[in-house]
Structure formats: C-alpha cells, structure tokens
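Structural overview for review
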Amino acid sequence: MFDTYQILDVVGTIIGLIYIYQEYKASIWLWLTGIIMPLVYTFVYYEAGLYADFGMQIYYTLAAIYGFLYWKFGKKKRNDDEEIPITHFPKKLVLPSVLVFIVLWGTLYLILSKFTNSTVPVLDSFGNSLSFIGLWALAKKYLEQWLIWIVVDVELAGLYVYKNIPFTAGLYTFYTIIAIAGYYKWKRMMKKESEAMA
C-alpha cells in the first residue's frame, strides 16, 4: 500500500518531468510549474529528513515568481521580443557566484549539523547551495545554468537513492540527461537569436 509520502514522491516526479521539458524548450511557463512543484516537495523532503531541501522550497517558489517576471519584462535586445534572450554567464560574476556558493554551503552545513537530525548534512547542503546559484542563473537565462544543473542533478540523484526516494532519484537521473541535451539546445537557440539580430 502506498502512503501519502510515496504518492507525493510520484506526483512530484510527474510535475518535475513537465518542468524539465518546459526548461528544455525555454518556455516561460516553466516558472508556473516551478511554483507548483515546491508545494509537493515540501512534504516529501521533510518526511525524508532532507531539511535543506525542505527549506529551499520557499526560495524556489520566490525564484519562480522572479524568473517569470524577469523573463517577461527583463531587458530585451529588441522592443518586439516577447522574452529576454539567452546569454552567456558573465565572467565577472563567476568568482562572486563561487564565493556565494561556498558561504551558503558552509552556513547550511552548520545549521543542518547543529540544529537538525540530518544524516547527510554535507550532501544536503551542497546540492541546495549549488541549486541556489543554478536557479538564479536560470532566471537570468544564462546558457551555462545547464552546466550547474548537471552537477546538482548527479549529486542529488545519488542522495535521493541513499535516502530511499526512488522516483525522485530517477527524476534527477533523467534531469542529468536533459541538462546535457538542454545545454546544446539552448546553445543552438542562442545562435539563432544572434543570427536574427545580425
């Protein structure tokens, strides 16, 4: 018999598949799905004792709202563009992003190890800290956000196998494959956008 936790794991996986497809297509509607998905995973991660994942769901919801507004109303190259274009991650932001990641990772690790009964504070804090940067890069529509997600997806797939969340682990394994394909898809889209501007 399935319990609520297992049912929500399956439901979250289905929503996650919709989300990754929309991200792959660079569809602005991924942000609407990105508001719904955290509602489901809040319960799943809490039950699994993944407290950093649990807490990050609030950030994901807020980032989804920001991402939708930025993609719709952010700086555009042409006035007739409906959404902002795909661009490269600015080199000047690489070091600050790495520093923010390290600070987040250390802070989350300390919180999880001192104030929760987490059995995986290093891995739980790593994936979520890097996801923080990845989601921000996605909201900015940077091509290289896919490279961040490849690392996150591989790490989290392993973590979810360990924590016995099989459907979500399978979803993140699939995310890894889509992230690789998504990187090349967005690269082609960016090239088309550049050629259209020429």
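The structure this text deals with has already been given above.
Description of the structure in this document. (Residues numbered from 1 in each chain as written. Predicted model: local features only at pLDDT ≥ 70, side-chain atom pairs only at ≥ 80, totals over all residues. Heavy atoms only, no water.)

Before going further, it helps to spend a moment on the overall build of the chain. Within the chain one finds seven helices and zero strands. The N-to-C order of helical and strand elements in the chain reads α-α-α-α-α-α-α. Taking 198 residues into account, the globule formula puts the C-alpha radius of gyration at 16 Å, and the chain, at 17 Å, falls close to it. Across its three principal axes, the chain shows a C-alpha extent of roughly 55 × 40 × 25 Å. Residue burial in the chain is summarised as follows: out of 198 residues, 47% are buried. (Helix = DSSP H or I, 4+ residues; strand = E, 2+ residues; numbered from the N terminus. Rg over C-alpha atoms; globule rule 2.2 N^0.38 Å. Buried < 20%, exposed > 50% of the residue type's maximum accessible area, 1.4 Å probe, protein only.)

Further remarks concern the packing of helix H2 (residues 30–48) against helix H7 (residues 166–197). For the pair H2 and H7, the least separation of the axes is 13 Å and the interaxial angle reads 130 degrees. Between H2 and H7, the interaxial angle falls into the category oblique. Residues Met-37, Tyr-41 and Tyr-45 of H2 touch H7, and the partners they reach there are Thr-168, Leu-171, Tyr-172 and Tyr-175. For the contact of H2 with H7, the per-class residue count stands at six nonpolar, one polar and no charged. (Axes fitted to C-alpha atoms, helices over the stretch in contact; angles between N-to-C directions. Parallel < 35°, antiparallel > 145°, perpendicular 65-115°, else oblique. Contact = heavy atoms within 4.5 Å. Nonpolar A, V, L, I, M, F, W, Y, C, P; charged D, E, K, R; others polar.)

Attention now goes to unusual backbone geometry. One non-glycine residue, Ala-26, adopts positive backbone phi at about 60 degrees. Following the sequence through the fold, Ala-26 ends up in the loop between helix H1 (4–24) and H2. When its relative accessible area of 9% is taken as the criterion, Ala-26 is described as buried. Phi is positive for Asn-164, which is not a glycine, with a value near 60 degrees. The residue Asn-164 is located in the loop between helix H6 (145–162) and H7 in this model.

Compared with the 33 Å implied by 1.5 Å per residue over 23 residues, the 34 Å span of helix H3 (residues 51–73) between its first and last C-alpha is a close match. The sharpest bend along H3 comes to roughly 30 degrees, located at Gln-57. Within the span of H3, buried status applies to Ala-52, Asp-53, Met-56, Gln-57, Tyr-59, Tyr-60, Ala-63, Ala-64, Gly-67 and Trp-71. (Expected span 1.5 Å × (residues − 1). Bend = angle between axes of the 7 residues up to and from the residue.)

Let us now look at the packing of helix H5 (residues 121–139) against H6. One way to put it is that H5 packs onto H6 with a least axis distance of 9 Å and a crossing angle of 155 degrees. Considered as vectors, H5 and H6 are oriented roughly antiparallel to each other. The two elements H5 and H6 meet at a crossing, and its hand is left-handed. Residue-level inspection shows Leu-123, Asp-124, Phe-126, Gly-127, Leu-130, Ser-131, Ile-133, Gly-134, Leu-135, Ala-137 and Leu-138 of H5 in contact with H6, the latter providing Gln-145, Ile-148, Trp-149, Val-151, Val-152, Glu-155, Leu-156 and Leu-159. (Left-handed = near helix turned anticlockwise from the far one by under 90°.)

On the secondary structure map, Leu-123 appears in helix H5. For Leu-123, a relative accessible area of 40% puts it in the partly exposed group.

Here we take up the side chain of Lys-140. Positionally, Lys-140 belongs in the loop between H5 and H6. Comment: no salt bridge for buried Lys-140; closest opposite-charge side chain is Glu-144, at 14 Å. Setting aside chain neighbours within four positions, we find Lys-140 in contact with Tyr-66, Tyr-70, Ile-84 and Thr-87. (Lys, Arg positive; Asp, Glu negative; His and termini not counted. Salt bridge = Lys/Arg side-chain N within 4 Å of Asp/Glu carboxyl O.)

Let us look at the packing of aromatic side chains. Evaluation of the coordinates by the stated rule reveals 20 aromatic pairs. Seen in terms of ring centroids, Trp-29 and Phe-68 are 6.1 Å apart; in terms of plane orientation they differ by 40 degrees. Their pairing is tilted. Placement of the pair is Trp-29 in the loop between H1 and H2 and Phe-68 in helix H3, with a sequence separation of 39 residues. You can call Phe-68 partly exposed: its relative accessible area is 26%. When the ring of Tyr-66 is compared with that of Tyr-70, the centres are 5.8 Å apart and the planes differ by 20 degrees; the resulting orientation is stacked. Placement of both Tyr-66 and Tyr-70 in helix H3 is noted, with a separation of four residues, approximately one turn of the helix. According to the relative accessible area criterion, Tyr-66 is partly exposed, its value standing at 38%. (Phe/Tyr/Trp six-rings, centres within 6.5 Å; stacked < 30°, edge-to-face > 60°.)

Treat this as a map of the structure, not an account of what it does.
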